[in-house]
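Coordinate analysis (summary)
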Amino acid sequence: MLFVNTLAAMAGALSLQTPVEDAQSRFEAFAEEFPSLNVAVSVEGEIVFEAEGGIARTGADGLDTDYNFYSIAKLLTATAYARLEAEAEAGLDLDTAVRVIDPTLPDHYEAVTLRQLLNHRGGVRHYRGERDWRDFAERSCETPADALGHFIDDALIHEPGTEQQYTTFGYVLLSHLLLEITGTNSFDAAMTAALGDAYLAHTDRAGADKAANMFGNLSRMRVLENMSAECKFGGGGLLASARDLANMGGALARGEILALDALSDAIDTEEGPFGIAAGYSEINDVHYAAHSGGSPGGRAYLLVFIEPQIVVAVTSNYDGPNHGEFALGMAELFSDLDLARDE
């Protein structure tokens, strides 16, 4: 009997993994879908797990390497606006019409407000297809104003406030307006003015020092030469490492940027999959914020849980499977949350 009990105890010990060991196992399996994949998990402001992997890594693909994180920039941009509104000295009203901020905008923007743009309700169009995407990607931009010519004169696709249509160009316009509001001369300066030292990203540029953007079938990948998202700015044109993304999320989780209620008040979390996921989960009794980002040459995810102060940041240089489920699984390992039950 003692021998049997001993074997059972040994089997149990072998089957139990620490959160870090389990996280490493999950990471290694997921990393096989990407040439380069990084993850950083923060709990109460401390990085508790980091990993780097992938099937075609180079020495330049480490945790400190900058990656395109694309539409996660929208979460940061919305956070900047929410903070400016929340700060009494800033006095920003998100229901302000955009032509009050920049009267040179075309007349058809007369009824468009900042809040509508934040919620993808301003009527600003998105990409019309691959050719439109490529044409925009090939533009050179020093400031968001340089990018406006690609779309600003086009008619709105619906009356402002009546529909919700996802749009990167709406956030490019928000990027331009942020410079006007803060009185700065670059998007990074505007974001720093709004978010302070919590802003750890920076704008993309042609020839930027970042992970190589990969494209094609995993078995026959090629580098997207001179890939730049520089004209997207707060709509998807920022760079950061997984570690810096986790630290930015940690600042939000700790309330150092603003209370999450101020962010969820600024954006619409009630309708459909558009915009930024931010709000409250009754099942888990937690507030959260999250956003994914993806485009040819990269995919990323940032997940922030407020009460347990858990942040998961994932970066990759290839547009493979969505990181959302993987990030939720990582958050479960380092918390008491049962996220599989949260729809």
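Further up the page is the structure itself.
Residues numbered from 1 in each chain as written. Predicted model: local features only at pLDDT ≥ 70, side-chain atom pairs only at ≥ 80, totals over all residues. Heavy atoms only, no water.

Details of the packing of helix H3 (residues 72–86) against helix H7 (residues 168–182)
Our working rule: For every element, the axis is a line fit to its C-alpha atoms; helices are fit only across the contacting stretch, and the angle between N-to-C directions ranges from 0 to 180 degrees. Helix and strand labels come from DSSP, where a helix needs a run of H or I of at least four residues and a strand needs a run of E of at least two; each type is numbered from the N terminus. In this scheme, roughly parallel covers angles under 35 degrees and roughly antiparallel covers those over 145, while 65 to 115 is roughly perpendicular and the rest are oblique. By convention the crossing between two helices is left-handed if the near helix lies anticlockwise of the far one by an angle smaller than a right angle, and right-handed if it lies clockwise. A contact between two residues is defined here by any heavy atoms of the two lying within 4.5 Å. Three categories are distinguished: nonpolar for Ala, Val, Leu, Ile, Met, Phe, Trp, Tyr, Cys and Pro, charged for Asp, Glu, Lys and Arg, and polar for the others, with Gly belonging to the last.
Where H3 meets H7, the axes come as close as 11 Å, and the angle between the chain directions of the two elements is 40°. By the criterion of interaxial angle, the relationship of H3 to H7 is oblique. Taken as a pair, H3 and H7 cross one another with a handedness that is left-handed. Seen from H3, the contacting residues are Lys 74, Thr 77, Ala 78, Ala 80, Tyr 81 and Leu 84; seen from H7, they are Thr 168, Tyr 171, Leu 174, Leu 177, Leu 178, Ile 181 and Thr 182. Class assignment for the residues of the contact of H3 with H7 results in nine nonpolar, three polar and one charged.

A few points about the sheet that holds strand S2 (residues 46–53)
Stated precisely, the cut-off is as follows: Two strands qualify as a pair provided DSSP detects at least 2 bridges between them.
An order of S2-S1-S11-S10-S9-S8 is seen for the six strands of this open sheet, with the pairing classed as antiparallel. Every interior strand has two partners, whereas the edge strands, S2 and strand S8 (277–281), have only one. Within this sheet the neighbouring strands show an average axis-to-axis angle of 10°, counted without direction.

Focus on the packing of helix H2 (residues 19–31) against helix H11 (residues 324–333)
Put simply, H2 and H11 touch, their axes get as near as 9 Å, and they point 170° apart. Relative to H11, the element H2 lies roughly antiparallel. Along the contact surface, H2 presents Pro 19, Asp 22, Ala 23, Arg 26, Phe 27 and Phe 30, while H11 presents Phe 326, Gly 329, Met 330 and Leu 333. Looking at side-chain class alone, the contact of H2 with H11 contains seven nonpolar, one polar and two charged residues.

Looking at the sheet that holds strand S3 (residues 67–68)
Strand-to-strand pairing in sheets goes through backbone hydrogen bonds, with the strands running parallel or antiparallel. If you walk across this open sheet you meet the three strands as S3-S7-S4, and the pairing is antiparallel. The open sheet has two free edges, formed respectively by S3 and strand S4 (202–203), since each of these has just one partner strand. Bridge count between S4 and strand S7 (residues 238–240): two bridges; the pairing is antiparallel. By the bridge assignment, His 202 is partnered in S7 with Leu 239.

Re the environment of Ala 97
Among the secondary structure elements, Ala 97 is positioned in the loop between H3 and helix H4 (98–101). A C-alpha to C-alpha distance of 6.2 Å links Ala 97 and Ala 111, two positions 14 residues apart in sequence. When sequence neighbours within four positions are dropped, the list of residues in contact with Ala 97 reads Glu 110, Val 112 and Thr 113.

Some remarks on H2
Condition: In a helix, the anticipated span is given by 1.5 Å times the number of residues less one. Exposure classes here rest on a 1.4 Å probe applied to the protein chains alone. A residue is buried below 20% of its type maximum, exposed above 50%, and partly exposed in between. Along the arc lie the directions from the helix axis toward the C-beta atoms.
Across its 13 residues, H2 extends 18 Å between first and last C-alpha, which sits within 8% of the 18 Å expected from 1.5 Å per residue. Buried within H2 are the following residues: Ala 23, Phe 27, Phe 30 and Ala 31. One side of H2 holds all its buried residues, which, seen down the axis, span an arc of 95°. Those residues of H2 that are buried lie in contact with strand S1 (37–43), S2 and H11.

Notes on the pattern of salt bridges
Cut-off, in case you're wondering: Each reported salt bridge corresponds to a side-chain nitrogen of Lys or Arg within 4 Å of a carboxyl oxygen of Asp or Glu.
Applying the stated criterion across every chain, the model contains 19 salt bridges. Arg 125 is the salt-bridge partner of Asp 132, the closest N and O atoms lying 2.7 Å from each other. Residue classification places Arg 125 among the buried positions, given a relative accessible area of 6%. In this structure, Arg 205 and Glu 142 form a salt bridge, with 3.9 Å as the shortest nitrogen-oxygen distance. With a gap of 63 residues between them, Arg 205 in the loop between S4 and strand S5 (214–215) and Glu 142 in the loop between helix H6 (130–137) and H7 connect regions that are remote in the sequence. The exposure class of Glu 142 is exposed, given its relative accessible area of 54%.

Observations regarding unusual backbone geometry
The bulk of non-glycine residues show a negative phi, and the bulk of peptide bonds are trans. Here the phi dihedral of Tyr 70 falls at roughly 45°; this positive angle occurs in a residue that is not glycine. Phi at Phe 233 is positive, roughly 50°, even though this residue is not glycine. As for its position among the elements, Phe 233 is in the loop between strand S6 (222–223) and S7. Judged by its relative accessible area of 1%, Phe 233 falls in the buried class.

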